[in-house]
Amino acid sequence: MTSFRTHRAKVHDTALPPHRRHSALRTCLTEFAPYGLRATYHHLTLSARIPRRLEADPDALVRAVEELHEARELWLARFAEHVAQRRAEKRAGLRRPVRTPWWDRPRWDAPDSAWYHDPFLHPRLSLPAYVRRQNSLLDGAEPPGCPACGEEGPAVPVEAGPGTVELCRSCGWVLVPCPCRWWHHVQSVKRVGWQRTWRRDHLTDSGEPNPHWPRNLGTDRVALLAVYHQHPAF
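This is a predicted model, so every value here is computed, not measured.

1. Points about the sheet that holds strand 3 (residues 174-176)
Sheet strands line up and pair through hydrogen bonds in the backbone, either parallel or antiparallel. The antiparallel open sheet is built from 3 strands, whose spatial order is 1-2-3. Sheet topology places strand 1 (156-160) and strand 3 at the edges, where each strand pairs with a single neighbour. Averaged over all adjacent pairs, the angle separating strand axes in this sheet is 45 degrees, with direction ignored. Pairing of strand 2 (residues 163-167) with strand 3, which is carried by 2 bridges, proceeds in the antiparallel orientation. Each residue of the ladder has a partner; that of Glu166, found in strand 3, is Val176.

2. Regarding the pairing of strand 1
Successive residues of a regular strand alternate their side chains across the two faces of the sheet. Residues Val156, Val158 and Ala160 line the buried face of strand 1, whereas the alternating positions Pro157 and Glu159 sit on a face that is not buried. Two elements, strand 1 and strand 2, share 5 bridges in a ladder whose sense is antiparallel. Along strand 2, the bridge assignment pairs Val158 with Val165. Hairpin connection between strand 1 and strand 2: a loop of 2 residues separates the two successive antiparallel strands, and Gly161 in this loop has a positive phi of roughly 75 degrees.

3. Notes on helix 3 (residues 37-47)
In an α-helix, one full turn covers 3.6 residues, which means residues spaced three or four apart are oriented alike. Among the residues making up helix 3, those that are buried are Ala39, Thr40, Tyr41, His42, His43, Leu44 and Thr45. Considering only its buried residues, helix 3 is in contact with helix 2 (18-31), helix 4 (59-91), helix 5 (113-117), helix 6 (127-138) and helix 7 (194-198). Two residues or fewer after helix 3 comes Arg49, characterised by a positive phi angle close to 55 degrees.

4. Looking at a positive patch on the surface
A contiguous patch of positive charge, built from Arg87, Lys90, Arg91 and Arg95, is present on the exposed surface. Among the structural elements, Arg91 can be located in helix 4.

5. A word on the packing of aromatic side chains
Applying the stated criterion across every chain yields a total of 14 aromatic pairs. Ring plane angle 70 degrees and centroid distance 4.9 Å describe the contact between Tyr35 and Tyr130, whose orientation is recorded as edge-to-face. Separated by 95 residues along the polypeptide, Tyr35 in the loop between helix 2 and helix 3 and Tyr130 in helix 6 bring together distant segments of the chain. Taken individually, Tyr35 and Tyr130 each receive the classification buried, so the pair is uniform in this respect. Geometrically, the ring pair formed by Trp102 and Trp103 is edge-to-face, given 5.4 Å between the ring centres and 80 degrees between the ring planes. Here Trp102 matches Trp103 in class, with each residue buried.

6. Looking at the side chain of Arg78
Position of Arg78 relative to the elements: it lies in helix 4. Residues contacting Arg78, with those up to four places away along its chain left out, are Gln85, Trp103, Asn135, Leu138 and Asp139.

7. Describing the packing of helix 2 against helix 4
Remark: helix 2 packs on helix 4, axes separated minimally by 10 Å, with the N-to-C direction vectors making an angle of 15 degrees. Judged by the angle between their axes, helix 2 and helix 4 are roughly parallel. Crossing of helix 2 against helix 4: the hand is left-handed. Two secondary-structure elements touch here, helix 2 through Pro18, Arg21, His22, Leu25, Cys28 and Leu29 and helix 4 through Leu61, Val62, Ala64, Val65 and Leu68. Within the contact of helix 2 with helix 4, the residues separate by chemical class into 9 nonpolar, 1 polar and 1 charged.

8. Details of the side chain of Thr45
The topology assignment puts Thr45 in helix 3. Residue classification places Thr45 among the buried positions, given a relative accessible area of 0%. Polar side-chain contacts of Thr45 include one of 2.6 Å to the backbone oxygen of His42. At 2.9 Å, the side chain of Thr45 and the side chain of His202 are in polar contact. With residues near it in sequence (within four places) discarded, Thr45 still touches Ile50, Arg200, His202 and Leu203.

9. Considerations on helix 1 (residues 4-12)
If you check which residues of helix 1 are buried, you get Phe4, His7 and Val11. The buried residues of helix 1 occupy an angular sector of 75 degrees when the element is viewed end-on, so they sit on one face. Its buried side turned inward, helix 1 meets helix 2 and helix 4.

10. Let's talk about the nonpolar core
Formed by 48 residues in total, the largest nonpolar core has its most connected members in Leu25, Ile50, Leu68, Trp115, Leu167, Cys171 and Trp173. Looking at which element gives the most residues to this core, the answer is helix 4, with 7 residues. Those residues in contact with Cys171, other than ones at most four positions away along the chain, are Trp115, Leu121, His122, Pro123, Cys146, Ala148, Cys149 and Val222.

Cut-offs applied
- Residues numbered from 1 in each chain as written.
- Predicted model: local features only at pLDDT ≥ 70, side-chain atom pairs only at ≥ 80, totals over all residues.
- Heavy atoms only, no water.
- Pairing = 2+ DSSP bridges.
- Helix = DSSP H or I, 4+ residues; strand = E, 2+ residues; numbered from the N terminus.
- Axes fitted to C-alpha atoms, helices over the stretch in contact; angles between N-to-C directions.
- Buried < 20%, exposed > 50% of the residue type's maximum accessible area, 1.4 Å probe, protein only.
- Contact = heavy atoms within 4.5 Å.
- Patch = residues over 30% accessible without salt bridge, like charges linked within 9 Å, V, L, I, M, F, W, Y side chains within 5 Å.
- Areas by Shrake-Rupley, 256 points an atom, 1.4 Å probe, with all protein chains shown as cover.
- Salt bridge = Lys/Arg side-chain N within 4 Å of Asp/Glu carboxyl O.
- Lys, Arg positive; Asp, Glu negative; His and termini not counted.
- Charge placed at Lys NZ, Arg CZ, Asp CG, Glu CD.
- Phe/Tyr/Trp six-rings, centres within 6.5 Å; stacked < 30°, edge-to-face > 60°.
- Parallel < 35°, antiparallel > 145°, perpendicular 65-115°, else oblique.
- Left-handed = near helix turned anticlockwise from the far one by under 90°.
- Nonpolar A, V, L, I, M, F, W, Y, C, P; charged D, E, K, R; others polar.
- Polar contact = N/O pair within 3.5 Å; in protein donor to acceptor, adjacent residues only side chain to side chain.
- Arc of directions from axis to C-beta.
- Core = buried A, V, L, I, M, F, W, Y, C linked by side-chain atoms within 4.5 Å.

Here is the structure:
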């Protein structure tokens with residue numbers, strides 16, 4: 001059975017070779033990954049500047065796991081509050097939660113489904129900032145812009161069979177769902193294999209952005225998304 005704390009300690013263990021510490025970071029991501037495993041990993045490679053050659057900066061792994069740890073602590077605190085709140089609501093006869101917590105969103109019709117198919121599409125916020133934003137939404141706040149990343153620019157319309165879905169121009173979050181009663185999921189038509197992401201081909205040996213890697217991110221990448229419908233959501 002995995003343990004976030006156990007593998008976090010391995011990431012910090014300088015006696016271990018960098019590839020073992022890197023594997024421990026991946027195990028931490030199986031325990032907590034706000035953007036989904038692949039997109040969260042991609043985010044951390046950028047925010048912590050994890051080089052393609054790990055030996056060049058093994059401390060980058062520590063920076064990555066500490067950002068993940070800080071976000072997880074915020075989530076654990078809000079999760080405990082939610083559990084206590086739901087117990088009180090059930091005692092009062094309210095069987096369904098007023099709001100579905102962000103960590104329990106269904107994957108088949110989630111507004112963040114694009115991140116699970118395209119790891120290069122996710123908010124540019126730090127993980128703690130994203131968790132704070134999602135916690136505030138769960139508490140009933142209405143921050144401006146995209147609920148995920150705060151982008152306030154115009155949405156990108158994408159055809160969805162019987163209708164149109166409007167997506168955040170920065171991260172691909174579904175801002176306005178299709179008016180039909182069908183479940184939808186958003187996928188990228190420009191796929192990047194997990195192995196290339198895992199090897200950090202988008203970075204250089206020193207952790208800087210790879211100048212030879214395609215740079216179509218943000219709106220250019222959102223425009224390449226495709227929306228599929230499955231069956232009625234009665």
